[in-house]
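Residue-level structural notes
One letter stands for each residue in the lines below.
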Amino acid sequence: MTGVIPIRYLLAVLNSLGHAIIYGLRVNLSVAIVAMVNYTAVTRATAEADRNATECGHVDVTVETPPEARRRTAFNRGLSTSLDGPLEWDSRVQGYILGAYFWGYIVAQIPGGRLSEAFSAKHLFGFGVMLNVVGTVLSPVASKSGYPWLILLRIIKGFGGGVTVPATHVLLAHWSPPVERSTLASIVYSGVSLGTVLSLTLSGAMASELGWESVFYFQGGLGVVWYALWLLLVTDHPRTHPFISDREREFIQESLGKATGGVGT
């Protein structure tokens, strides 16, 4: 591998794939949830609740539904009947579930940066990705056990996603010569768009053809493969990498103006 692919570019590609996995596992639920929810039951329960509220309040109001709304409701009813899943989550619960990720994501930003500097950016980034992988694989079980469990998993996944950005910054600081920093950063963060687009595309097809559980198991499995490569091929610093050439190591260290060092492999 030495002399064929510069190790700093290999690291950037693996980091990019890590971000692709993170963002893919973040958005896949927004597609899979269409096949997870029993919209027929939810619509029936909502209508029943509205009817009870009207009767209790002794209100006799006739509301004329616009033609366009009637057509849209009929279309959604026909679509949801063919895709009905086992879970009776109304729009409020779905909003809590989808938004829970960001509760953990926001909290993790500052401590993630400090932990990356104090310990190991490589292992913190891998840990963040694996939190998302484990949370994704457990999502079907959590969903069937009750939506509070899924909300908890989403918060944990958000914490994992939150620490990956500061960890990436620390890795780039150790590995990217100033003249190549913008190029390497572009490679790394291209994974954000890549993961989002691929996950949104694949999740719909998989949920339709293989069942909604396959979305979480398949994409989570890809994360396990990535993690094995990450542990094998990435280190925190050029000086500790087993496959880097002396020429590349010296080039990076001289470009940074000093020999880098620290904790972690």
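Residues numbered from 1 in each chain as written. Predicted model: local features only at pLDDT ≥ 70, side-chain atom pairs only at ≥ 80, totals over all residues. Heavy atoms only, no water.

Taking the UniProt record as the reference, the feature "transmembrane region" (unreviewed entry) is found at residues 20-42, 124-143, 149-172, 184-203 and 215-234. Secondary structure content for residues 20-42 is 91% helix and 0% strand, and the end C-alpha separation is 33 Å. Helix and strand shares over residues 149-172 are 100% and 0% respectively, and the end C-alpha atoms of the span are 36 Å apart. (UniProt positions renumbered as here; feature names shortened; annotations may be inferred. Helix = DSSP H or I, 4+ residues; strand = E, 2+ residues; numbered from the N terminus.)

On to the side chain of T168. Its location among the elements puts T168 in helix α7 (residues 147-175). A relative accessible area of 0% means that T168 is categorised as buried. (Buried < 20%, exposed > 50% of the residue type's maximum accessible area, 1.4 Å probe, protein only.)

Its 22 residues place the ends of helix α9 (residues 212-233) 33 Å apart at the C-alpha level, agreeing with the 32 Å of an ideal helix rising 1.5 Å per residue. Taken as a whole, α9 has its buried residues at W212, S214, V215, F216, Q219, G220, G223, W226, W230 and L233. Packed against the buried residues of α9 are α1 (7-36), α5 (121-137), α6 (139-145), α7 and α8 (181-210). (Expected span 1.5 Å × (residues − 1). Contact = heavy atoms within 4.5 Å.)

This part is about the packing of aromatic side chains. This model, assessed by the stated rule, comprises 7 aromatic pairs. Taken together, the aromatic side chains of F125, W226, Y227 and W230 make up a single cluster linked through ring pairs. (Phe/Tyr/Trp six-rings, centres within 6.5 Å; stacked < 30°, edge-to-face > 60°.)

Where helix α4 (residues 91-118) contacts α7, the two axes come as close as 5 Å, and the packing angle between them is 35°. Where α4 crosses over α7, the handedness of that crossing is right-handed. For the contact of α4 with α7, the per-class residue count stands at 19 nonpolar, 8 polar and 3 charged. (Axes fitted to C-alpha atoms, helices over the stretch in contact; angles between N-to-C directions. Left-handed = near helix turned anticlockwise from the far one by under 90°. Nonpolar A, V, L, I, M, F, W, Y, C, P; charged D, E, K, R; others polar.)

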